[in-house]
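Spelled out, the chains give:
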Amino acid sequence: MILVSVIITISYLFLIGCFVFGFDKIKLFELEDMSSKTTFSVIIPFRNEAENLPDLLKSIESLEYPSHLFEIIFVDDASDDNSVDLIMRFLTNARNDIKVIKNKRTTNSPKKDAITTAVKQSKNKWIITTDADCLLPKYWLDSFDAFIQKTNTTCIAAPITYMNSSSFLDQFQLLDILSLQGATIGGFGINKPFLCNGANFGYEKPLFLELNGFEGNTDIASGDDIFLLEKVVETDPEQLHYLKCDKAIVKTKSQPSWKDLISQRIRWAGKTSAYNNWFGKFTGLIVLLMNALLISTFLLAILNVFNFKIWGYILILKFSVDFLLIYKSAYFFNQKTVLRCYIFGFIVYPFFSFYVAFASLFKTYKWKGRSFKK
């Protein structure tokens, strides 16, 4: 058992250490004053988002990018609240090119269908996707435009985080997404990109069409971002970049309850078996084994089957390397105050992670009022 513990621990330390190293390899992109050139089609799928749309619409109104260079396409996925009415009222005074279209369902994935429907009706070269529960920074499109002009890229992953809140549940989720963003940036830094977030993801329309969009992954409800990223990694990884710019950070809402959070994470975990990226699978496996190791060796130590001192060493090593990655991420996102809850989050996370991984093997999940199987 000690040998297994050593192998798992060393593997985990090496993996997270690589992410820490890779995080610093991606240099901060500073937004400069330059002429805007890129044309964007911003796609926003939504279903029953009346509560969140007013804030999103305000952030759209505040965008500084020239209005003639971008359009907003809202895709209504069978909403039965007043979401569409809210958008239509906004359109009466909107200065931007904004429209609402209906989702055309053809697969088991509503969101992939929504994006595909919108891409077909889009008129600009670049597609950027985001979500209806997000807030967009005013220099969001300016950041993408400047980055596109300065780099040879056709696909861009960009930063996403949760809005600040004081409850432990919200702080726990914030720590978790900072960890995920740290791994995302770190993966790009070591030339092993395996994560991105569809709430802040851009790519050229010709690239999407060339890759046949989400074809091959439409039986899985989620994963519009990851599976498309995998296709780009396989076909033309040199064209894929991460936009590490504080002016491009999109903020979204965390889940309101532990039940909703678990359902969300089961949805996320449900797509991992379909990953083609070996590094993504390897990362998920090592993280799962490390969390399982902490729990199992703690229980064995209580039963005097495992040495408590060795368990303590493992705990300290994991605590330290995790903190280093999350600290770097929290510093970039300007959310360092969340580190006050790091100890409590660190204690809860192994149990949470292991439960989600186990439950994802058997449970269905709910998403936007619908039930889905793995």
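Here's what I pulled together on the structure shown here. (Residues numbered from 1 in each chain as written. Predicted model: local features only at pLDDT ≥ 70, side-chain atom pairs only at ≥ 80, totals over all residues. Heavy atoms only, no water.)

### Concerning the overall build of the chain
Each helix and strand counted, the chain has 12 helices and 12 strands in total. Rg of the C-alpha trace for the chain: 21 Å, near the compact-globule value of 21 Å for 374 residues, within the 12% margin. Seen through its principal axes, the chain has C-alpha atoms that stretch 70 × 45 × 40 Å. Looking at the chain residue by residue over its 374 residues, the buried ones come to 55%. Contacts in the chain between residues at least 24 apart in sequence constitute 83% of all its contacts with a sequence separation of at least 6. When the accessible surface of the chain is totalled, it reaches about 17,200 Å², and 58% of it is carbon and sulfur. Between the averaged position of the 41 positive side-chain charges in the chain and that of its 36 negative side-chain charges there is a distance of 4 Å. (Helix = DSSP H or I, 4+ residues; strand = E, 2+ residues; numbered from the N terminus. Rg over C-alpha atoms; globule rule 2.2 N^0.38 Å. Buried < 20%, exposed > 50% of the residue type's maximum accessible area, 1.4 Å probe, protein only. Contact = heavy atoms within 4.5 Å. Areas by Shrake-Rupley, 256 points an atom, 1.4 Å probe, with all protein chains shown as cover. Lys, Arg positive; Asp, Glu negative; His and termini not counted. Charge placed at Lys NZ, Arg CZ, Asp CG, Glu CD.)

### Quick word on helix H10 (residues 278-302)
Every α-helix winds through 3.6 residues per turn, so residues three or four apart in the chain are directed the same way. Taking 1.5 Å per residue, 25 residues should reach 36 Å; H10 reaches 36 Å between its end C-alpha atoms and fits that length. Within the span of H10, buried status applies to Phe 279, Gly 280, Thr 283, Ile 286, Met 290, Asn 291, Leu 293, Leu 294, Ile 295, Thr 297 and Ala 301. Those residues of H10 that are buried lie in contact with helix H1 (2-25), helix H11 (308-332) and helix H12 (342-359). At the C-terminal side of H10, Asn 304 shows a positive phi close to 65 degrees. (Expected span 1.5 Å × (residues − 1).)

### Some thoughts on the pattern of salt bridges
Under the defined criterion, the tally for this structure stands at 10 salt bridges. For Lys 123, the salt bridge is made with Asp 97, and the minimal N-O distance between the two is 2.5 Å. Remark: Asp 97 occurs in strand E3 (residues 97-102) and Lys 123 occurs in the loop between helix H4 (110-121) and strand E4 (126-129); sequence separation between them is 26 residues. Taking the relative accessible area as the measure of exposure, Asp 97 reaches 30% and is therefore partly exposed. A salt bridge links Lys 125 to Glu 204; the nearest nitrogen and oxygen atoms lie 3.5 Å apart. With Lys 125 in the loop between H4 and E4 and Glu 204 in strand E8 (residues 201-204), this residue pair connects regions lying 79 residues apart in the sequence. By relative accessible area, which is 13% here, Glu 204 ends up buried. (Salt bridge = Lys/Arg side-chain N within 4 Å of Asp/Glu carboxyl O.)

### Things to note about the packing of H1 against H10
In the contact formed by H1 and H10, the axes pass within 9 Å of each other and the chain directions differ by 130 degrees. It follows from the interaxial angle that H1 and H10 lie oblique. The interaxial crossing formed by H1 with H10 has left-handed handedness. Touching Ser 5, Ile 8, Thr 9, Ser 11, Tyr 12, Leu 15 and Phe 19 of H1 are Phe 279, Phe 282, Thr 283, Ile 286, Val 287, Leu 289, Met 290, Leu 293 and Thr 297, all from H10. Of the residues in the contact of H1 with H10, the class split is 11 nonpolar, five polar and no charged. (Axes fitted to C-alpha atoms, helices over the stretch in contact; angles between N-to-C directions. Parallel < 35°, antiparallel > 145°, perpendicular 65-115°, else oblique. Left-handed = near helix turned anticlockwise from the far one by under 90°. Nonpolar A, V, L, I, M, F, W, Y, C, P; charged D, E, K, R; others polar.)

### Structural notes on the sheet that holds strand E6 (residues 155-157)
Across the sheet, seven strands lie side by side as E3-E2-E1-E4-E8-E6-E9; this open sheet has mixed pairing. In this open sheet, the two edge strands, each paired with only one partner strand, are E3 and strand E9 (240-242). Neighbour-to-neighbour, the strand axes of this sheet turn through a mean angle of 20 degrees, independent of strand direction. Across four bridges, strand E1 (residues 40-46) lies against E4 in parallel orientation. Within E4, the position partnered with Ser 41 by the bridge is Ile 127. On top of the sheet, helix H3 (residues 83-91) reaches E1, strand E2 (70-76) and E3; it is set at about 155 degrees to E3, its chief contact. Against the sheet, helix H5 (residues 140-150) touches E1, E2, E4, E6, E8 and E9, its axis set at about 135 degrees to E1. (Pairing = 2+ DSSP bridges.)

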